[in-house]
There are 2 protein chains.
Amino acid sequence: MSDRPTLKDVAARAGVSPMTVSRVVNGEPGVGPETAARVERAIRDLGYQRDAVASQLRRKGQLAHTIGLLVDNVADPFMAAFASAVEDVARQRGNVVLIGTSRDDLKREREVIAAFTARRVDGLIIIPVEGSHRFLQPAVSTGTHVVCADRRAPGLDVDTVIVDNREGVRDAVAHLIAHGHRRIAFLGDRKEIWTIAERHAGYLEALAAAGLPADPALVRNGLRHAPDAATAVKELLEQPDPPTAVFAGNDIVAVGALETLPPSVAMVAFGDFVLATRLDPPVTIVYQDPVAIGTTAAHLLFARIHGDLSQARTVVLPTHLIVRGSGELPPRSR
Amino acid sequence: MSDRPTLKDVAARAGVSPMTVSRVVNGEPGVGPETAARVERAIRDLGYQRDAVASQLRRKGQLAHTIGLLVDNVADPFMAAFASAVEDVARQRGNVVLIGTSRDDLKREREVIAAFTARRVDGLIIIPVEGSHRFLQPAVSTGTHVVCADRRAPGLDVDTVIVDNREGVRDAVAHLIAHGHRRIAFLGDRKEIWTIAERHAGYLEALAAAGLPADPALVRNGLRHAPDAATAVKELLEQPDPPTAVFAGNDIVAVGALETLPPSVAMVAFGDFVLATRLDPPVTIVYQDPVAIGTTAAHLLFARIHGDLSQARTVVLPTHLIVRGSGELPPRSR
DNA sequence: ATGAAAGCGCTAACAA
DNA sequence: TTGTTAGCGCTTTCAT
């Protein structure tokens, strides 16, 4: 296990100065073809690879070609697809991606982001957890660009890519109402999460628009994992005057709910999931495109990195109601 | 957008030498409490954060506390769960993770790995694509530790974490045979992928052990996406003497196959997937634990990074046949 | 076309 | 306890 070869080693072997090697490595002009060939040869012989760390240090104001990506949980299908899209764009642009997870914990988010900025990333794409993100301000003002995705971050004036959660849910709940439902349950993850709060608001707006009462007994929040949702559904259906329809606030909740939800109860879910079309009835969803969110966020970030100085903007991507059956069931007393 | 403050800036503000600030930042002894307090203050005032890049450069032989993780595709649920586990262990150990994807392309894999090693990662965890990995040898011999996960890499003598694919499939196909099936189809992803080749081998072994002929017309490989599998199933069932059971070589193929597979045809799938229990019939699977694979790989890597010099070893994790219904259906002519 | 000197931000090694 | 000097591997700047 020897040391990795340096510029100097290559220079010595090729019988030139380190500077000449540097020029060859970086494809800069001003090296004779004969010399260049000799240097190339030495590079290959030694298996030399430029040290990006050292290079970055000297090139002041230069880019690290590294971005940081912070998600809540990579194992979540939505975030996995999102992260995949970000990585793809980054790669096309010759960047590498540092990935980290917050697990819905602001302290952890701060630590991960600190570890990223300590490594001088050029920018960050984050799915922010609840809480103030003012701690990012110093990084932002010293040139680290930040883009928020999926959720807004309060007190942070940066580019943001979201979908219109409120509208998506409003339409979906109106859809259930149009099919005759009056008692519609809302199942959500932690309501501190921005998207969940928005979706809950959309739910309430749809009820209000139809002149229906909002019964708190039909709302269950804080469902983090699938089994939580399964239990919540069971409890909801056991109470007097149970819901005839259920709105699931995200894919994980939907999948959990489906473990205990009888096929006769109508359902619409926010976000798509595998095999939703294969269930009986197939599950009607509010579709959002994680790849589009990731791609858009990445493009915004790279625009900033490459000098875009315009005002921070918010891109709102559309959602689509995809009708498959479960949301069109009539209300049915059980 | 000012420059980020350096050690020197802090030193000037606190009226001490840079070295003293360095000591405070790194929690080293030999600084008077009074001085330390003044330095801390200056650090906070300026919003100073240590530059990990510069620090790493000087501390020769020291660690970057960064590892590289290469998967085929982060959006794949198996790899997402795997990556999540790796990230978790890395974080616990104070490391950050560079993530990259190969998309089943050796050239891309090489490029991503080169980008990682150029940044002096302490180690790599890779799900290798098909092909020689000898290009990693220089990195390995200059101290970059490598662990392979999920698949073996030919010609690379490094720690490897896999499951016993062959045995898992053998048992599953034997299970189908025990339930009376004689014509069992095999649906696989690209057979160049190590796991798929192993699974196919297990399939053939089970048939041979039961004295059944291996009909090539029942084998479909190269199914990369769900729709490919759906089409393959349709074609298989249309041919004369169609299969009465199907073995799906991975979760993606399974989900695709289920789009067109009639409930009367038996099925066992390799790898679990969401809602497998909710289908009719629920899907019998060969379970493998992506989190265990990721955790094990990460532990092996960190052991190496921290000086483990023992011979490269292979950890083989078990699989489990989880009986749910679809694999216990009797053969039925259609 | 090539090289020498200096320095990026930090820390190892050695004073004082 | 504190500071000085040198240098990590590279690139900028300025010479030749």
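Within every chain, residues take consecutive numbers counted from 1 along the sequence as written. The naming scheme follows written order: chains are lettered A onward, ligands numbered 1 onward. The predicted nature of this model means local features are confined to residues of pLDDT at least 70 and side-chain atom pairs, given and counted, to a pLDDT of 80 or more, with totals for whole chains, interfaces and linings taken over all residues. Computation of side-chain values: all heavy atoms of the structure, hydrogens and water removed.

Under an unreviewed UniProt entry, the name given to chain A is LacI family DNA-binding transcriptional regulator, and the organism recorded is Actinocorallia longicatena.

A.B. asks: Honestly, the sheet that holds strand β10 (residues 284-287) of chain A in this entry has me stumped. Any pointers?
C.D. replies: Strand pairing within a sheet occurs via backbone hydrogen bonds; the two strands may be parallel or antiparallel. All names here are of chain A. The mixed open sheet is built from six strands, whose spatial order is β7-β6-β8-β9-β10-β12. Sheet topology places β7 (219-220) and β12 (320-322) at the edges, where each strand pairs with a single neighbour. Paired strands, as defined in this entry, are two strands with at least two bridges between them according to DSSP. Comment: elements are numbered from the N terminus, with helices defined as DSSP H or I runs of at least four residues and strands as E runs of at least two. In terms of strand pairing, β10 meets β12 through three bridges, oriented antiparallel. Bridge pairing links valine 286 to leucine 321 in β12.

A.B. asks: I tried to follow the sheet that holds strand β5 (residues 159-163) of chain A on my own but got confused; where do I start?
C.D. replies: Taken in spatial order, the twelve strands of this open sheet run β11(A)-β5(A)-β4(A)-β3(A)-β1(A)-β2(A)-β2(B)-β1(B)-β3(B)-β4(B)-β5(B)-β11(B), and their pairing is mixed. Lying at the two open borders of the sheet, with one neighbouring strand each, are β11 (314-317) of chain A together with β11 (314-317) of chain B. Mean inter-strand twist for the sheet, computed between neighbouring axes without regard to direction, equals 20°. As judged from the six bridges shared by strand β1 (residues 66-71) of chain B and strand β2 (residues 96-101) of chain B, these two strands associate in the parallel manner. Among the inter-strand pairings, B:Gly68 is bridged to a residue of β2(B), identified as B:Leu98. Lines fitted to C-alpha atoms define the axes, with helix axes restricted to the stretch in contact, and inter-axis angles between N-to-C directions lie between 0 and 180 degrees.

A.B. asks: Sorry, what's going on with the relation of the copies chain B and chain A here?
C.D. replies: Copies of the same chain, two in number, are related to each other by a rotation about an axis and a translation along it. The two copies are related by a screw operation: chain B maps onto chain A through 180° of rotation and 0.0 Å of translation along the axis, at an RMSD of 0.1 Å. Expressed as a symmetry operation, the mapping of one chain copy onto the other fits a two-fold axis. Of the C-alpha atoms belonging to chain B, the one lying closest to the rotation axis is found on B:Leu98, 2.2 Å away. By residue overlap, the copies meet face to face through one surface: 100% of the interface positions of chain B are interface positions in chain A. In this comparison the copies share one frame, found by least squares on the C-alpha atoms of residues holding pLDDT of at least 70 in both. Whether two residues are in contact is decided by their heavy atoms: any pair within 4.5 Å suffices.

A.B. asks: Any chance you could explain the pairing of strand β4 (residues 145-149) of chain A here in plain terms?
C.D. replies: Successive residues of a regular strand alternate their side chains across the two faces of the sheet. All names here are of chain A. The element β4 is largely enclosed, with a buried count of four among its five residues. Examined bridge by bridge, strand β3 (residues 123-126) and β4 share four bridges and lie parallel to one another. Each residue of the ladder has a partner; that of glycine 123, found in β4, is histidine 145. Only protein chains enter the accessibility calculation, which uses a 1.4 Å probe; a residue whose area is less than 20% of its type maximum is buried, one above 50% is exposed, and one in between is partly exposed.

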